[in-house]
Amino acid sequence: MTEHSCARETDVVSAVLSRRWASANEDLKSHAAGCEICGDVVSLASLLSADQERARYEARVPAAGQVWWRAAVRARLEAAHTAVRPMTWLQGIASACAIGLALAVGGMAWPSLRELASWSVLQTVGADTRVEDIATLAIAALQRSLPLAFVVAAFIVLAPVALYFALTDD
Amino acid sequence: MRELVLTDLERVGAFDDAERTFQMTEEAFRVFYEQTARPIWVYLARSTGDDRLADDLLQETYYRFLRTRTTFESDDHRRHYLFRIATNLVRDQWRRARTDAVDRSDVSDVPVLSEDHAVGDRALGRIDVARALEQLKPRERSLLWLAYAQGFSHEEIAAQLGLRTGSLKALLFRARRRLIAVLGDRYRSGGRRD
């Protein structure tokens with residue numbers, strides 16, 4: 001079975017990263033010379049720590065004040081979003097209630113409206129009117145109400161979409 | 001959709017609110033930032049292989065750090081926590097990029113840096129570690145950096161990456177092998193060689 005680590009790896013890394021490898025005790029150095037794992041660790045730790053030193057020197061990081069200010073503004077913005085979220089939900093629920101109420105009222109009033117419409121037709125055409133005349137009148141009425149039907153259909157389709165966008169605002 | 005924005009006045013007010021919202025004062029943050037920003041940036045840059053992304057992740061790392069409710073026992077604990085946040089952010093980046101990632105699981109497929117590059121680098125007196133790390137998997141970059149540039153213990157790295165220490169040792173071993181394969185024998189120094 002392959003050994004993946006060595007018990008002295010930590011000592012080796014510590015010596016290299018604290019720049020004490022050259023002056024490390026001979027026992028540790030001779031161990032690293034004979035141990036494949038520690039030999040690799042010395043090479044890589046020297047390489048990566050040197051690269052880190054160079055990159056740290058060359059890195060262009062923003063000023064602390066700038067990072068703090070951006071964080072402060074973002075925190076305030078998130079707090080504002082959190083405060084607005086219940087209002088958005090409330091608006092959505094109110095809209096859904098209003099639509100439901102309108103549909104319920106419409107459903108309850110529908111039989112009365114139908115009776116009223118039948119009575120109006122009878123009053124308009126009279127009891128002795130022929131069937132052909134009634135059909136012509138009905139088609140004309142249907143044609144007149146077609147735009148209204150389209151508007152109602154569009155409302156039924158678009159209302160949930162509008163509700164969705166209202167709720168996903170945050 | 002409506003977009004919530006702050007007025008200039010609110011932005012100024014945000015500055016006053018910050019010390020109540022964040023887990024340290026601005027003055028303490030300045031000191032901590034001066035000590036940690038560069039190592040964190042280099043870690044992010046080497047782990048992601050993208051300096052501009054490292055800039056964004058640096059800001060995000062400190063923002064999450066400032067918002068945390070964790071109580072720190074020491075400066076080391078605070079520093080380790082910062083690296084943990086950075087590691088999580090890097091891991092999120094891997095997950096996002098995973099669909100585009102090339103499978104580099106086979107050591108034999110790892111391209112060794114060309115002799116031309118090596119000669120140029122040696123002429124400049126340095127090895128382009130960043131380019132070598134780019135040949136490795138993102139997790140291997142993080143492992144190697146935390147272990148051999150930051151000097152974190154196996155237990156600390158395992159905790160940061162959510163791994164068992166035993167698994168971490170095996171992963172670290174493979175990562176070492178892969179980086180050495182990328183660098184080639186030219187850069188090896190010390191230790192027994194077969």
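Predicted, not measured: the structure shown is a model, and the values here were computed from it.

A. Structural view of the overall build of chain B. For chain B, the count of helices and strands is nine helices and zero strands. Counting helices and strands in the order they occur from the N terminus, chain B gives α-α-α-α-α-α-α-α-α. When burial is assessed residue by residue, chain B has 44% of its 194 residues classed as buried. Across chain B, every contact between residues at least 6 apart in sequence was considered, and the portion connecting residues at least 24 apart equals 68%. When the accessible area of chain B is evaluated, it comes to approximately 10,300 Å², of which 46% is carbon and sulfur surface.

B. Looking closely at the nonpolar core. Residues Trp21(A), Leu48(A), Phe29(B), Tyr62(B), Leu144(B), Tyr148(B) and Leu179(B) are the most contacted members of the largest nonpolar core, which totals 76 residues. Of all the elements, helix α2 (residues 26-48) of chain B adds the most residues to this core, at 10 residues. Ignoring any residue separated from it by four or fewer positions in sequence, one finds Phe29(B) in contact with Ala64(A), Val67(A), Trp68(A), Met24(B), Tyr62(B) and Leu66(B).

C. Spatial organisation of the environment of Tyr62(B). Its place among the elements puts Tyr62(B) in helix α3 (residues 51-67). Counting along the chain gives 33 residues from Tyr62(B) to Phe29(B), while the straight-line C-alpha distance between them is 9.5 Å. Excluding its chain neighbours within four sequence positions, the residues that come into contact with Tyr62(B) are Val67(A), Phe29(B), Phe32(B), Tyr33(B), Thr36(B), Ala37(B), Ile40(B) and Leu82(B).

D. Local environment of a negative patch on the surface. All names here are of chain B. A contiguous patch of negative charge on the surface is contributed by Asp50, Asp51, Asp55, Asp56 and Glu134. Structurally, aspartate 50 is set in the loop between α2 and α3. Assessed through its relative accessible area of 33%, aspartate 50 is described here as partly exposed.

E. Seen up close, the packing of helix α1 (residues 9-17) of chain A against helix α3 (residues 36-58) of chain A. Residues and elements named next belong to chain A. Look at α1 against α3: their axes get within 9 Å of each other, and the N-to-C directions meet at 30°. One finds that α1 runs roughly parallel with respect to α3. Two packed elements cross with a definite hand, and for α1 against α3 that hand is right-handed. Packed against α1, whose contacting residues are Glu9, Val12, Val13, Val16 and Leu17, the element α3 presents Ile37, Cys38, Val41, Val42, Ala45, Ser46 and Ser49 at the interface.

F. Region of the structure containing the pattern of salt bridges. Under the criterion given, the structure shown has 16 salt bridges over all chains. Here Glu60(B) and Arg74(A) are joined by a salt bridge, their closest N and O atoms 2.6 Å apart. One end of the pair, Glu60(B), is in helix α3; the other, Arg74(A), is in helix α4 (residues 64-125), on a second chain. Between Arg95(B) and Asp92(B) there is a salt bridge, with the nearest N and O atoms lying 4.0 Å from each other. In this pair, Arg95(B) and Asp92(B) both sit in helix α4 (residues 75-97), three residues apart, roughly one turn of the helix.

G. Here's a closer look at the packing of α3(B) against α4(B). Residues and elements named next belong to chain B. In the contact formed by α3 and α4, the axes pass within 9 Å of each other and the chain directions differ by 130°. Compared by their axis directions, α3 and α4 come out oblique. Considering only the axes of α3 and α4, their crossing is right-handed. Residues Leu53, Leu57, Glu60, Thr61, Tyr62, Arg64 and Phe65 of α3 form the contact with α4, whose participating residues are Arg78, Tyr81, Leu82, Ile85, Ala86, Leu89, Asp92 and Gln93. Taken together, the residues of the contact of α3 with α4 sort by class into nine nonpolar, two polar and four charged.

H. Layout of the packing of aromatic side chains. Taken as a whole and assessed by the stated rule, the structure comprises 10 aromatic pairs over all chains. Taking the centre distance of 4.9 Å and the plane angle of 20° together, the rings of Phe32(B) and Phe65(B) count as stacked. Of this pair, Phe32(B) sits in helix α2 while Phe65(B) is found in helix α3, placing the two residues 33 residues apart along the sequence. According to the relative accessible area criterion, Phe32(B) is buried, its value standing at 7%. With a centroid separation of 5.2 Å and an interplanar angle of 70°, the aromatic rings of Phe72(B) and Tyr81(B) are classed as edge-to-face. Looking at Phe72(B), the relative accessible area reads 12%, which means it is buried. Taken together through their ring pairs, the aromatic side chains of Trp68(A), Phe22(B), Phe29(B), Tyr33(B) and Tyr62(B) make up a single cluster.

I. The side chain of Ser47(B), seen in detail. Residues and elements named next belong to chain B. Residue placement: serine 47 occurs in helix α2. Reaching out from serine 47, the side chain makes a polar contact with the backbone oxygen of tyrosine 43 at a distance of 2.8 Å. Polar contacts involving the side chain of serine 47 include one to the side chain of serine 142, which spans 3.4 Å. Residues in contact with serine 47, not counting those within four places in the same chain, are Val90, Pro138, Arg141 and Ser142.

The rules behind each value
- Residues numbered from 1 in each chain as written.
- Chains lettered and ligands numbered in written order.
- Predicted model: local features only at pLDDT ≥ 70, side-chain atom pairs only at ≥ 80, totals over all residues.
- Heavy atoms only, no water.
- Helix = DSSP H or I, 4+ residues; strand = E, 2+ residues; numbered from the N terminus.
- Buried < 20%, exposed > 50% of the residue type's maximum accessible area, 1.4 Å probe, protein only.
- Contact = heavy atoms within 4.5 Å.
- Areas by Shrake-Rupley, 256 points an atom, 1.4 Å probe, with all protein chains shown as cover.
- Core = buried A, V, L, I, M, F, W, Y, C linked by side-chain atoms within 4.5 Å.
- Patch = residues over 30% accessible without salt bridge, like charges linked within 9 Å, V, L, I, M, F, W, Y side chains within 5 Å.
- Salt bridge = Lys/Arg side-chain N within 4 Å of Asp/Glu carboxyl O.
- Lys, Arg positive; Asp, Glu negative; His and termini not counted.
- Charge placed at Lys NZ, Arg CZ, Asp CG, Glu CD.
- Axes fitted to C-alpha atoms, helices over the stretch in contact; angles between N-to-C directions.
- Parallel < 35°, antiparallel > 145°, perpendicular 65-115°, else oblique.
- Left-handed = near helix turned anticlockwise from the far one by under 90°.
- Nonpolar A, V, L, I, M, F, W, Y, C, P; charged D, E, K, R; others polar.
- Phe/Tyr/Trp six-rings, centres within 6.5 Å; stacked < 30°, edge-to-face > 60°.
- Polar contact = N/O pair within 3.5 Å; in protein donor to acceptor, adjacent residues only side chain to side chain.

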